[in-house]
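Residues per chain, in single letters:
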Amino acid sequence: MFENLSERLSGVFDRLTKQGALSEDDVKAALREVRVALLEADVSLPVARDFVKAVQDKATGQAVTKSVTPGQQVVKIVHDELQHVLAGNDDNPGELKIDNAPAPILMVGLQGSGKTTTTGKLAKRLKEKNGKRVLMASLDIYRPAAMQQLEILGTQIGVDTLPIVAGESAVQIAKRAKQQATLGGYDVYMLDTAGRLQIDETLMQEVEDVRDAVNPRETLLVVDGLTGQVAVEVAEEFDGKIGISGVVLTRMDGDGRGGAALSMRAVTGKPIKFVGLGEKMDALETFEPDRIAGRILG
Ligand code: GDP
């Protein structure tokens, strides 16, 4: 569906006079194509603009290497810059702060974003890759089915869940999870908070109260990677109210181009730690800037 950026750029450079270095005009013409490619990949307009400006300064005046075409060279500059922005200062995005047992991890996000699924995936990963004893608890007092879903996932992956007690508030469940995690010698306890279809005050207040009750080591926002600009707005909202330590982008197995990742990183400054790549419990990978950069460029 999308024309590959390299092909587009070679078209641009074919029309330009060949020179020994990338001139300002060459770069400008190429960057118009880059901007379109970013927008098609669902990067938000202000982020695409800032990004293109940063690349313009880097590319102008660069000597054209003999072995590559000017188009390929611009693609490389753009790719490197994308990777740089996506990675930020995170050396190891998949690493979580889970020392000092029991470490609370708060999972937040809208309903349907993949929060419960991701809680299960991450618990499985912590158990198998990090050798941690994990306890999961659902705080979704509004949807008994969601509580049962987490219990089913727990059985499936061999991770304990906090027994369901009817009539408790989210904060009461969180405190009980903390107590059980302490008494039971767990390394980590994960709190799967209730989501709504849209952000509302009651939901945010509840998540804030839970946060204050357990003081999480990590607060991970789960967002649907296919929702583009909406995902970024959701992240800003949650970060402003709750304070998030990282993001998990789900549905990256879909045919979206991944532009949300760039907007997310540029706007919130928070690291993307994991990506969800399917419905199965092992379909979770650490975020790799290089791969997403390639995907954005098409
Ligand atoms: P929650 O309401 O945020 O807890 O969302 P769920 O965890 O119940 O997930 C909603 C739906 O999205 C389920 O059908 C999941 O299997 C599916 N889902 C979650 N993560 C992914 C993912 O990374 N890729 C795909 N394709 N589906 C996912």
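Per an unreviewed UniProt entry, the chain carries the name Signal recognition particle protein and comes from Cognatishimia maritima. The UniProt entry for the chain carries the following text under Subunit (unreviewed entry): "Part of the signal recognition particle protein translocation system, which is composed of SRP and FtsY. SRP is a ribonucleoprotein composed of Ffh and a 4.5S RNA molecule."

Topic: empty space enclosed by the protein
It is a probe the size of a water molecule, rolled over the atoms, that shows where empty space is left. Per the counting criterion, the structure on display carries 1 cavity of 30 Å³ or more. Quantified by volume, the largest cavity comes out at close to 100 Å³. Forming the boundary of the largest cavity are 14 residues, of which Ala 137, Ser 138, Leu 162, Pro 163 and Ile 164 lie nearest the centre. Put simply, the parts of the chain that give the lining of the largest cavity at least two residues each are strand S2 (134-138), helix H6 (144-157) and helix H7 (170-183). In terms of residue class, the lining of the largest cavity is made up of 9 nonpolar, 2 polar and 3 charged.

A closer look at the layout of surface pockets
Space inside the largest pocket adds up to approximately 330 Å³. As for the largest pocket, its lining consists of 17 residues, and the residues nearest its centre are Gly 112, Ser 113, Gly 114, Thr 117 and Arg 251. Counted by class, the lining of the largest pocket contains 1 nonpolar, 10 polar and 6 charged residues. Lys 28, Leu 31, Arg 32, Arg 35, Arg 49, Asp 50, Val 52, Lys 53 and Gln 56 together form the lining of the second largest pocket. Mapped by element, the contributors of at least two residues to the lining of the second largest pocket are helix H2 (24-40) and helix H3 (45-59). Here the lining of the second largest pocket is built from residues that sort into 2 nonpolar, 1 polar and 6 charged.

So, the confidence of the model for the chain
Across the chain, the average pLDDT comes to 89, with 92% of residues at or above 70. Here the prediction assigns the complex a pTM of 0.91, and the interface score ipTM is 0.99.

Thoughts on the side chain of Lys 273
Relative to the assigned elements, Lys 273 resides in strand S7 (residues 272-276). Although Lys 273 is buried, it makes no salt bridge; Glu 218 carries the closest opposite charge, 4.4 Å away. Apart from the residues lying within four places of it in its own chain, the contact partners of Lys 273 are Pro 93, Gly 94, Glu 95, Leu 96, Glu 218, Leu 220, Ser 245, Gly 246, Val 247, Glu 285, Thr 286 and Phe 287.

As for the pairing of S2
Across the 5 residues that make up S2, a large majority, 5, are buried. As defined by bridge partners, S2 adjoins strand S4 (residues 188-192) across 5 bridges and the pair is classed as parallel. Pairing of Ser 138 across the sheet is with Asp 192, part of S4. With 2 bridges joining them, S2 and strand S3 (residues 160-161) adopt parallel strand pairing. Paired with Met 136 across the bridge in S3 is Thr 161. In the classification by handedness, the crossover that spans S2, the intervening H6 and the parallel S3 is right-handed.

The rules behind each value
- Per chain, residues are indexed from 1 in the order of the written sequence.
- At least 70 in pLDDT is required for a residue's local features to be given in this predicted model, at least 80 for side-chain atom pairs to be given and counted, and no such filter applies to totals for whole chains, interfaces and linings, which use all residues.
- With hydrogens and water excluded, all non-hydrogen atoms of the structure serve as input to the side-chain values.
- UniProt positions are given in the numbering used here, feature names are shortened, and annotations may be inferred rather than shown by experiment.
- Each cavity reported here is a set of points on a 1 Å grid over the protein atoms alone in which a 1.4 Å probe fits but cannot get out, each pocket an open set with protein on both sides within 12 Å along at least five of seven lines, and each lining residue one with an atom within 4 Å of a point.
- Grid points are joined across faces, edges and corners, and a volume is the space filled by probe spheres set on the points.
- Each helix is a run of DSSP H or I of at least 4 residues and each strand a run of E of at least 2, with the numbering of both proceeding from the N terminus.
- The classification used treats Ala, Val, Leu, Ile, Met, Phe, Trp, Tyr, Cys and Pro as nonpolar, Asp, Glu, Lys and Arg as charged, and all other residues, Gly among them, as polar.
- Think of pLDDT as the predictor's per-residue confidence, scored from 0 to 100.
- The buried label goes to any residue with under 20% of its type's maximum accessible area, the exposed label to any with over 50%, and the partly exposed label to all in between, with areas taken from a 1.4 Å probe on protein chains only.
- For the purpose of counting charges, residues Lys and Arg are taken to be positive, whereas Asp and Glu are taken to be negative. His and the chain ends are not included.
- By salt bridge we mean one thing: a side-chain nitrogen of Lys or Arg within 4 Å of a carboxyl oxygen of Asp or Glu.
- Contact definition: two residues touch when any of their heavy atoms are within 4.5 Å.
- Note: two strands are recorded as paired if DSSP finds a minimum of 2 bridges between them.
- A clockwise path from the first strand over the helix to the second, with the strands pointing away from the viewer, defines a right-handed crossover.

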